[in-house]
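What follows is the residue order along each chain.
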Amino acid sequence: MVGLKEELLKSIWHAFTALDLDRSGKVSKSQLKASGGRRVLSHNLCTVLNVPHDPVALEEHFRDDDEGPVSNQGYMPYLNKFILEKVQGNFDKVEFNRMCWTLCAKKNLSKSPLLISDEDAFKVWVIFNFLSEDKYPLIIVPEEIEYLLKKITEAMGAGWQQEQFDHYKIALNTSREGLSAWELIDLIGSGQFSKGMDRQTVSMAINEVFNELILDVLKQGYMLKKGHKRKNWMERWFVLKPNIISYYVSEDLKDKKGDIILDGNCCVEALPDKDGKKCLFLIKCLDKTFEISASDKKKKQEWIQAIQSTVSLLRAGSPPPHKEARQRRKELRQKLLAEQEELERQMKELQAANENKQKELETVRKQLEAAAARAAEEEKKRLQTQLELQDRFSLELEREKMVRQKMEEQVAQKSSELEQYLQRVRELEEMYKQLQEALEDEKQARQDEETVRKLQARLLEEETAKRAELEKWHLQQQQTIQMTEAEKQELENQRMMKEQALQVAMQQLKQLELERKEALEQYEEVKKKLETAANNTKSWKDKVAHHEGLIRLIEPGCKNPHLITNWGPAAFTEAELEERQRSWKGKKATSE
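The rules behind these values
- Numbering of residues starts from 1 in each chain and follows the order in which that chain's sequence is written.
- Only residues with pLDDT of 70 or above have their local features reported here, since the model is predicted, and side-chain atom pairs are shown and tallied only from 80 upward, although totals for entire chains, interfaces and linings are computed over all residues.
- Here the side-chain values reflect all heavy atoms present in the structure, with hydrogen atoms and water set aside.
- Exposure is judged per residue with a 1.4 Å probe applied to protein chains only, and the accessible area is read against the type maximum: over 50% gives exposed, under 20% gives buried, and values in between give partly exposed.
- Only DSSP runs of H or I covering at least 4 residues are called helices, and only runs of E covering at least 2 are called strands; the numbering of each starts at the N terminus.
- At least two bridges found by DSSP between two strands is the condition for calling them paired.
- Convention adopted: a line fitted to C-alpha atoms gives each axis, helices being fitted over their contacting stretch, and angles between N-to-C directions are expressed from 0 to 180 degrees.
- In these notes the angle categories are as follows: under 35 degrees is roughly parallel, over 145 is roughly antiparallel, 65 to 115 is roughly perpendicular, and the rest is oblique.
- The hand of a helix crossing depends on one turn: near helix anticlockwise from the far one by less than a right angle means left-handed, and clockwise means right-handed.
- The contact criterion used throughout is that any non-hydrogen atoms of two residues lie within 4.5 Å.
- Amino acids outside the nonpolar list (Ala, Val, Leu, Ile, Met, Phe, Trp, Tyr, Cys, Pro) and the charged list (Asp, Glu, Lys, Arg) are all regarded as polar, and Gly is one of them.
- Directions are taken from the helix axis to each C-beta atom, and the arc is the one they span.
- Residue count minus one, scaled by 1.5 Å, sets the expected span of a helix.
- Two axes are fitted around each residue, one to the seven residues ending there and one to the seven starting there, and the angle between them is reported as the bend at that residue.
- The definition of a polar contact used here is a pair of N or O atoms within 3.5 Å, where within protein one atom must be able to donate a hydrogen and the other to accept one, and adjacent residues in sequence count solely through side-chain atom pairs.
- Whenever a carboxyl oxygen of Asp or Glu lies within 4 Å of a side-chain nitrogen of Lys or Arg, that contact is scored as a salt bridge.

Taking an unreviewed UniProt entry as the reference, the protein chain is identified by name as Switch-associated protein 70 belonging to Drymodes brunneopygia.

Here it is as structure tokens:
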């Protein structure tokens, strides 16, 4: 309710200030009584805000006698106590703002022609109250002016001229902190930031921004809605707000057909095309569901996203996006203002510290000048004292010079005697050094002699040891030679035996070679005989087959089974064949 009270106070402030005020900011009693302003303002506020009007309390508050609180209370305490504290929020904000606008517009609105209508000026005035700072007199800061002009420019479909606004902002900041409501209306009505746009385009843009920022219209447009009873489809103008979707017969909002109450439990679902209707979606609430058909897929998706975003804000308990953005901008400005004030405070502290330092430096400079004057006086005294000391030192120097000459003569005599004494000492030291060197040489010679003697003894011992070792090696060598001779003789005997065995083996090999050749010759002879016999047998069998046909000769034979060939019984038995095979194998092995 605090935010609502602040919004109401801004509009009431304009109506309140439209009356004649005294210097203390209170409505003068004569003006309230003479013009009826007291009754008109209070009655109108109670009417549009749906608050019971109490004329007795008003008269009591502004009594003429000295007991009345007129002398120490104005109209605003009465307004807060008897009207604003009773507001419940069940009133028409547009009608409330229009009543306040009616009271203040005639006196404050510019008489020069504007490119916007009075209705558009009213909407700009309401938007000003929404975007202005929470301090009086009300002004809108350059940041909010830029935000509003951007919104209007975007609604017109034009490009934003940032450089032009920057120049305007610089000129504005040099003269004041912001604009009043009437100056903002003059700025927008002058067409400075809407060049090339006609009145209707500007009016539509202002209306769109007014709907969004003041009426909390998040989205609006025509769609088809399916009825709950007759199930027919009717075109309706839908208006989406933070907690409700209202639908009307047309966009003039005169004939309202119903509301869809939104809360955190609502949901939106896309539906497939059916019954010849396309781009369908469904809004589910606790008690009802609503089937709606958009004009195209893009509009359908935009409406679904807008409703889902609204439901998400309701679940999170967050304000509408434009109000949240305004609060963030305000907090950012307050933060920047606090930082600027802190910076100014620090600058003042630094300036004060600098001034203190300057004073300290001035004090130090004066102290230095005084010290320099004292130092100059002391230097003068020191120079005078120095001259007196120089005269005194000159006399003493003359006396010391004479004393020094006498001492130099004595020193010269003593120096001569000392030189002779030192010469004798040097001679004695030279002799002592020579003796020392001679003793060192003798001592070194003895050491060398002892070293050589030890070396000779060690060499003699080494020679004796090497001689004994050589004798031992000689004996070992003799033994080794003897053993080598015996082994050599034995190896020679073995070699002779191996040569003899080799010769015998060579003879045997030659003998075997001869036997192999003989066996081959015998094999060739037997082979020839076999071939001859085979040829003879074949010719004889051919003759017999030719002359006698299939008659077989009856021949005597053994009882053992005979081998059968293609031409009849074989010429030898199986035992004879095995004997012949063994004979052939033996000859073959011998030949190999």
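Okay, back to it.
Chemist: Is there a simple way to think about the pairing of strand β7 (residues 289-293) in this case?
Modeler: Side-chain direction in a regular strand flips from residue to residue, so the side chains alternate between the two faces of the sheet. Among the five residues in β7, four count as buried, and that is most of the element. Relative to β7, strand β1 (residues 219-226) runs antiparallel, the two being bridged by two bridges. Bridge pairing links Lys225 to Ile292 in β7. Examined bridge by bridge, strand β6 (residues 280-284) and β7 share five bridges and lie antiparallel to one another. Residue pairing in the sheet places Leu280 in a bridge with Ser293 of β7.

Chemist: In this structure, what is going on with the packing of helix α8 (residues 142-156) against helix α11 (residues 199-213)? I would like to understand it.
Modeler: Axes are the key here: two packed helices are described by the angle between their axes and the distance separating the axes. Here α8 crosses α11 at 120°, and the two axes come no closer than 8 Å. By the criterion of interaxial angle, the relationship of α8 to α11 is oblique. The crossing of α8 and α11 is right-handed. On the side of α8, the interface is formed by Tyr147, Leu148, Lys151, Ile152, Ala155 and Met156, while α11 contributes Thr201, Val202, Ala205, Ile206, Glu208, Val209, Glu212 and Leu213. Residues of the contact of α8 with α11, tallied by class, amount to 10 nonpolar, one polar and three charged.

Chemist: Explanation requested: helix α5 (residues 75-82) in the structure shown.
Modeler: Because the α-helix completes a turn every 3.6 residues, residues three or four places apart line up on one side. All of the buried residues along α5 are Tyr75, Tyr78 and Leu79. For α5, the angular spread of the buried residues around the axis is 100°, confining them to a single face.

Chemist: Help me understand the sheet that holds strand β3 (residues 244-248) in this model?
Modeler: Across a sheet, strands are paired by hydrogen bonds formed along the backbone, either parallel or antiparallel in direction. As summarised here, the arrangement of the seven strands in space is β4-β3-β2-β1-β7-β6-β5, forming an open sheet in which the pairing is antiparallel. Each edge of the sheet is formed by a strand with only one pairing partner; in this case those strands are β4 (256-261) and β5 (267-271). For this sheet, the mean angle separating the axes of adjacent strands, direction not counted, is 35°.

Chemist: When you look at helix α6 (residues 93-108) in this model, what are you seeing that I'm missing?
Modeler: Taking 1.5 Å per residue, 16 residues should reach 22 Å; α6 reaches 21 Å between its end C-alpha atoms and fits that length. Along its length, α6 reaches its greatest deviation from straightness, about 35°, at Thr102. Every buried residue of α6 is accounted for by Val94, Phe96, Asn97, Met99, Cys100, Trp101, Cys104 and Ala105. For α6, the side-chain oxygen to backbone nitrogen distance between the N-cap and Val94 is 3.0 Å, and the N-cap itself is Asp92.

Chemist: Help me out: how do you make sense of the environment of Asp120 in this one?
Modeler: With respect to the element layout, Asp120 can be found in helix α7 (residues 118-131). Note: C-alpha distance between Asp120 and Gly189 (69 residues apart in sequence) is 9.1 Å. Setting aside residues up to four positions removed in sequence, Asp120 forms contacts with Ser203 and Ile206.

Chemist: Would you mind showing me how to read the pattern of salt bridges here?
Modeler: When charged atoms on two side chains of opposite charge get close, those side chains can pair. Throughout the structure, instances matching the rule amount to 32 salt bridges. When the shortest N-O distance is used, the salt bridge between Lys226 and Glu291 registers 4.0 Å. Taken together, the residues span a long stretch of sequence, with Lys226 in strand β1 and Glu291 in strand β7 at a distance of 65 residues. Glu291 carries the same exposure label as Lys226, and that label is buried. For Glu499, the salt bridge goes to Arg495, with nearest N and O atoms at 2.3 Å. Of this pair, Glu499 and Arg495 both sit in helix α13 (residues 321-548), four residues apart, roughly one helical turn.

Chemist: Is there a simple way to explain the side chain of Asn97 in this structure?
Modeler: The topology assignment puts Asn97 in helix α6. Exposure remark for Asn97: the relative accessible area of 9% places this residue in the buried category. Within the structure, Asn97 has its side chain in polar contact with the side chain of Ser11 (distance 2.6 Å). Residues contacting Asn97, with those up to four places away along its chain left out, are Ser11, Phe122, Trp125 and Val126.

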